[in-house]
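Chain by chain, the residues:
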Amino acid sequence: MRALIIGIGQCGTKIADLFALVDFETLAVNTSRGDLEYLKHVPQDRRILVGESITGGKGVNANPILGREAMKRDLPLVMRKINSIVGYEDVDIFFLTFGFGGGTGAGGTPVLAEALKEEYPDSLVVAIGALPLREEGIRPTINAAITIDKLSKIADSIIAIDNNKLKEGNDDISRAYERINYTIVERIASLLALVDVPGEQTLDASDLKFVLKAFGSFATVGYAKADASKVKSLSRLIIKSFESEGLYLDANIESALYGLVAIHGPPEVLKAGDIFEALDYLTGKIRGKQIFRGFYPDPREREVEVVTLLSGIYESKSIEEIVKTAKQYARSFMEAKKEAETKKSELLSGLPDFDDVYNAPIIGDVVEDDGSDVESVVKSLRRKRNG
């Protein structure tokens with residue numbers, strides 16, 4: 001299976017940089033030259049500065065309109081680079097990583113997603129976006145809500161990561177963001193690493209593509225890992241990956257249409273009874289009743305790793321809170337704007353024009369424009385001035 005990771009904006013390119021660290025094909029696209037130079041692992045020839053004529057290479061200051069225009073202006077350049085990377089071998093999935101609350105990511109990602117869908121109709125386009133913190137304020141929230149709406153009409157699935165999970169630990173802010181980014185990469189990379197790999201029951205690329213081709217709805221990747229010697233109940237570990245502690249999106253998993261489970265670990269721990277108990281429970285829980293599964297016993301492993309994917313999700317408190325907050329603010333802002341315009345109109349109504357108040361004065365001699373050049377006009381004025 002072949003996946004290409006395209007990071008857009010500051011948040012997205014940092015995530016793509018971590019994917020490059022674990023040997024994925026990556027591309028970084030940004031409006032900030034400094035952010036592109038900060039990257040450590042994406043090759044230099046796969047870093048693209050867009051919108052330089054608009055921003056001077058200094059970013060868009062969380063303005064998605066500028067981010068959209070920057071991507072549109074240099075879209076041919078970006079697509080040429082993608083075409084050169086893709087070559088003659090098909091790409092199964094384009095993963096677009098970005099931040100929902102920023103400017104370059106929020107504005108540019110839908111533009112690029114649409115172009116990829118047109119250019120590569122047989123490939124999936126999956127958006128992986130980080131939702132803003134509540135404390136970041138209203139602007140990132142509005143950016144996120146509008147971008148969710150736009151991408152839901154273009155992308156095959158939207159994997160949303162709730163940055164409010166940052167507050168659950170005691171890390172400083174830099175480490176907290178880094179932890180979230182590492183988590184995203186760990187989960188997606190672990191899942192992709194098990195696709196098309198021989199096992200007792202194998203997940204292939206078509207399984208993953210089927211689950212992710214979910215009509216622009218939301219998806220979430222769950223994860224659980226434990227030392228094999230400490231696993232008392234494999235069934236409990238599998239179920240844990242689908243619960244709040246295992247997910248990075250506050251979502252109602254019962255609303256999901258599709259599921260996928262990959263289990264990797266030493267053979268003596270992967271007991272059939274425990275596995276099927278957990279999968280039967282999950283199948284009965286989700287709305288679509290479809291669970292794809294892969295079992296990978298490996299005698300070299302000393303840990304049990306469970307990677308899960310749920311898609312077709314239409315109920316998420318994380319998403320609903322963002323959209324509702326954005327709508328409330330938009331309504332109050334438009335009402336305030338309308339009220340301000342009304343008050344201005346009321347205040348200034350009834351004022352006359354200057355012509356109604358003053359008699360038109362006679363403004364000295366007027367030099368008629370007879371087509372002569374400036375020099376002759378200046379000479380004429382000097383003669384008049386000097387009598």
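Trainee: Tell me about empty space enclosed by the protein, and please be specific about residues and values.
Mentor: Inspection of every chain in the model, using the stated rule, returns two cavities of 30 Å³ or more. In this model, the largest cavity occupies a volume close to 60 Å³. Ile159, Ile161, Thr183, Ile184, Arg187, Ile188, Val221 and Tyr248 are the residues that line the largest cavity. Sorting the residues of the lining of the largest cavity by element identifies β6 (157-162) and α8 (173-193) as the ones contributing at least two each. Per element, the largest residue contribution to the lining of the largest cavity is four residues, and it comes from α8. Residue composition of the lining of the largest cavity, by class: six nonpolar, one polar and one charged. Taken as a whole, the second largest cavity spans an internal volume of roughly 40 Å³. Lining the second largest cavity are Phe95, Ile159, Ile188, Leu191, Leu192, Leu208, Leu212 and Leu309. Taken together, the elements giving at least two residues each to the lining of the second largest cavity come down to α8 and α9 (205-212). The element that contributes the greatest number of residues to the lining of the second largest cavity is α8, accounting for three residues. Broken down by class, the residue content of the lining of the second largest cavity amounts to eight nonpolar, no polar and no charged.

Trainee: Give a description of the sheet that holds strand β5 (residues 124-131) that names residues and reports values.
Mentor: Note on sheets: strands pair through backbone hydrogen bonds, and any given pair is parallel or antiparallel. Spatial strand order, β3-β2-β1-β4-β5-β6-β7-β10-β8-β9: ten strands in an open sheet with mixed pairing. At either end of the open sheet lies a strand with only one pairing partner, and these are β3 (47-49) and β9 (290-297). On average, adjacent strands in this sheet sit at an angle of 20° to one another, irrespective of strand direction. Bridge analysis of strand β8 (residues 258-265) against strand β10 (residues 303-313) gives seven bridges, and the strand direction is antiparallel.

Trainee: Describe the side chain of Asp298, naming the residues involved and giving the relevant values.
Mentor: Looking at where Asp298 falls in the secondary structure, it is placed in the loop between β9 and β10. Accessibility expressed as a relative area gives 9% for Asp298, which makes it buried. Here the side chain of Asp298 touches Arg300 through a polar contact of 3.0 Å, landing on its backbone nitrogen. Aside from chain neighbours lying at most four places away, what touches Asp298 is His264, Gly265, Pro266 and Pro267.

Trainee: Outline the pairing of β10, listing residues and values.
Mentor: By the criterion of burial, β10 is predominantly enclosed, with ten of the eleven residues buried. Two elements, strand β7 (residues 217-227) and β10, share nine bridges in a ladder whose sense is antiparallel. Of the residues in β10, the one forming a bridge with Thr220 is Leu310.

Here is what the cut-offs are and how they apply
Residues numbered from 1 in each chain as written. Predicted model: local features only at pLDDT ≥ 70, side-chain atom pairs only at ≥ 80, totals over all residues. Heavy atoms only, no water. 1 Å grid on protein atoms, 1.4 Å probe; cavity = no way out; pocket = protein on both sides within 12 Å on 5 of 7 lines; lining within 4 Å. Points joined across faces, edges and corners; volume = space filled by probe spheres on them. Helix = DSSP H or I, 4+ residues; strand = E, 2+ residues; numbered from the N terminus. Nonpolar A, V, L, I, M, F, W, Y, C, P; charged D, E, K, R; others polar. Pairing = 2+ DSSP bridges. Axes fitted to C-alpha atoms, helices over the stretch in contact; angles between N-to-C directions. Buried < 20%, exposed > 50% of the residue type's maximum accessible area, 1.4 Å probe, protein only. Polar contact = N/O pair within 3.5 Å; in protein donor to acceptor, adjacent residues only side chain to side chain. Contact = heavy atoms within 4.5 Å.

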